[in-house]
Amino acid sequence: MTAFPEVDKVCYEGPQSKNPLAFRWYDENEVVEGKTMKEHFRFSVAYWHTFRGTGSDPFGPGTMVRPWDDGSDSLDNARNRVCVAFEFMEKLGAPFYAFHDRDVAPEGKTLAESNKNLDEIVKVLKDEQARTGIRLLWGTANLFGNPRYLHGASTSCNADAFAFAAAQVKKCLEVTKELGGVNYVFWGGREGYQNLFNTDLKRELDHLGRFLHLAVDYAKEIGFTGQFLIEPKPKEPTKHQYDSDAAACINFLRAYDLLDHFKLNIETNHATLAGHTMMHELDYAASQGALGSIDANTGDMLLGWDTDQFPTNYYLTTEVMLILLKYGGLAPGGVNFDAKVRRESFEPIDLFYAHVGGMDAFARGLKIAAAIRADGELAAFVRDRYRSWDTGIGAEIEAGKADFKTLETYMLEKGDIAPNQSGRQEMLENLINRYV
Ligand code: XLS
Ligand code: NI
Ligand code: NI
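Residues numbered from 1 in each chain as written. Chains lettered and ligands numbered in written order. Predicted model: local features only at pLDDT ≥ 70, side-chain atom pairs only at ≥ 80, totals over all residues. Heavy atoms only, no water.

What am I meant to see in the coordination of the nickel ion (ligand 3) here?
Think of it this way: four donors in a tetrahedron around the metal ideally sit 109.5 degrees apart, and six in an octahedron ideally sit 90 or 180 degrees apart. Bound to the nickel ion (ligand 3) on the protein side are Glu267 (OE), His270 (NE2) and Asp306 (OD), at distances that span 2.1 to 2.3 Å. Taken in chain order, the donor set of the nickel ion (ligand 3) reads E-x2-H-x35-D. Between the nickel ion (ligand 3) and the nickel ion (ligand 2), both coordinated by Glu267, there is a metal-metal distance of 3.8 Å. Of this pair, Glu267 sits in strand 12 (residues 262–267) while Asp306 sits in the loop between strand 13 (291–296) and helix 11 (314–327); the two residues are 39 residues apart in sequence, bridging distant segments of the chain. Residue Glu267 is classed as buried on the basis of its relative accessible area of 2%. (Donors = N, O, S within 2.8 Å, 3.2 Å for Na, K, Ca; no water. Helix = DSSP H or I, 4+ residues; strand = E, 2+ residues; numbered from the N terminus. Buried < 20%, exposed > 50% of the residue type's maximum accessible area, 1.4 Å probe, protein only.)

Where do I start with helix 11 in this structure?
Helical geometry: 3.6 residues make up each α-helical turn, so side chains three or four residues apart lie on a common side. Taking 1.5 Å of rise per residue, 14 residues should cover 20 Å, and helix 11 covers 20 Å from first to last C-alpha, within 8% of that figure. Those residues of helix 11 that fall on the buried side of the exposure criterion are Leu316, Thr317, Thr318, Val320, Met321, Leu322, Ile323, Leu324 and Leu325. Buried residues belonging to helix 11 abut helix 1 (37–41), helix 9 (268–273), helix 10 (278–287), strand 13 and helix 12 (348–375). Looking at where helix 11 begins, the residue whose side-chain oxygen comes 2.8 Å from the main-chain nitrogen of Tyr315 is Asn313. Phi turns positive one or two residues past the end of helix 11, at Gly328, with a value near 85°. (Expected span 1.5 Å × (residues − 1). Contact = heavy atoms within 4.5 Å. Polar contact = N/O pair within 3.5 Å; in protein donor to acceptor, adjacent residues only side chain to side chain.)

Whenever I open this one, a nonpolar patch on the surface confuses me. Can you help?
On the surface, a cluster of nonpolar side chains totalling about 520 Å² of accessible area is made up of Met301, Leu302, Leu303 and Trp305. Given a relative accessible area of 34%, Leu303 falls into the partly exposed group. (Patch = residues over 30% accessible without salt bridge, like charges linked within 9 Å, V, L, I, M, F, W, Y side chains within 5 Å. Areas by Shrake-Rupley, 256 points an atom, 1.4 Å probe, with all protein chains shown as cover. Salt bridge = Lys/Arg side-chain N within 4 Å of Asp/Glu carboxyl O.)

What is the right way to read the site of ligand 1 from this model?
As a matter of local geometry, ligand 1 sits amid Trp48, His100, Trp138, Trp187, Glu231, Lys233, Glu267, His270, Asp295, Asp306 and Asp338. Within the side chain of Trp48, one N or O atom sits 3.4 Å away from an oxygen atom of ligand 1. Here Glu231 contributes a side-chain N or O atom positioned 2.7 Å from an oxygen atom of ligand 1. Taken by itself ligand 1 offers 290 Å² of open surface, and the protein chains cover 94% of this. Its residues assigned to classes, the shell around ligand 1 shows three nonpolar, two polar and six charged. (Near = heavy atom within 4 Å. Nonpolar A, V, L, I, M, F, W, Y, C, P; charged D, E, K, R; others polar.)

Laid out in structure tokens, this is it:
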């Protein structure tokens, strides 16, 4: 039985290829800056979008045609879906995948039944991982879908919601460990608020901090060594999510003494919603030693929500890859396509087109970024722009050898600052365009 009879294996055919089921740029064995493309990206398929996405929107039901899925919540259906997922990932050549507990296995009537269901499916996941060599980039618990979490999970006003979420994360950590997951993600699905009149913000933040400490403690207890990741997002579903952007997350982690245990999983569309560029979020996180992984997608500048489209824009992927190369990459993180095909792209084959395009866009971005770096013009410009810090007063300030009094003396003597120089933004934008 095959779910995708029209696809054998997606192969690299090179830039001249017109085959929409071949890579034009992603050659997993090509070495760029000392690492293969496979190692650079560690591409991952998101189970929720690709195998659970129905294409429904607030105005109509699902449209996806998925002949292998009987639409039921049965364990057999869930088992079969796993096999289809691994067929897809194997043919695509994606080395990783990521899931929420409730994507892979149906929620039962009780916690015990849900855990049992999950155990059943984990057996199949484990077998399929062993058969294909495909690995788990990260696991996560869905702490936002079930109505019990309508006020949030760890930040709910209802302490029982916190307790249920803790039990769910405990189980999901065990399962992620069992499957050899190399990261574990916390996206604060409903950890935020709609209205401050009914919200004790300080208490909720304290509870979130407590929750994450309990997770750290339990991971240690069971010997789970994967990297913990927080995924910032400023809004949706709540009006104001606590983990709003990279800077807010890092401040939170520092304030609650969690920074040693967490890095960030930065998502393109979330950056957009936060009013930032992806490049900003990545550079900020990495500058603080907190860049962990990427949820790759793109938003729509005309729509104010998380549209989770597949990334196809070389300019965007070039910006991303410039940062990744600058900071030495992502591992143990990866590039997870937290992206879904459009409601109108309802055929199974569209899943291939979408992922092939995303992987190629990143590969092209890597090559462009590497070429820009090899040339060195951009880096030389930036180095030169800051040269006043390399010697003289700049070097003294950086070395901590200056204070307000010595700086006043310096300026009184000098009279005024050395003339400023042009930032050359337009010239540099033109320079980037030479490579894109
Ligand atoms: C939602 C998030 C979600 C996380 C995993 O916007 O991107 O998909 O990645 O819970
Ligand atoms: Ni995400
Ligand atoms: Ni998202």
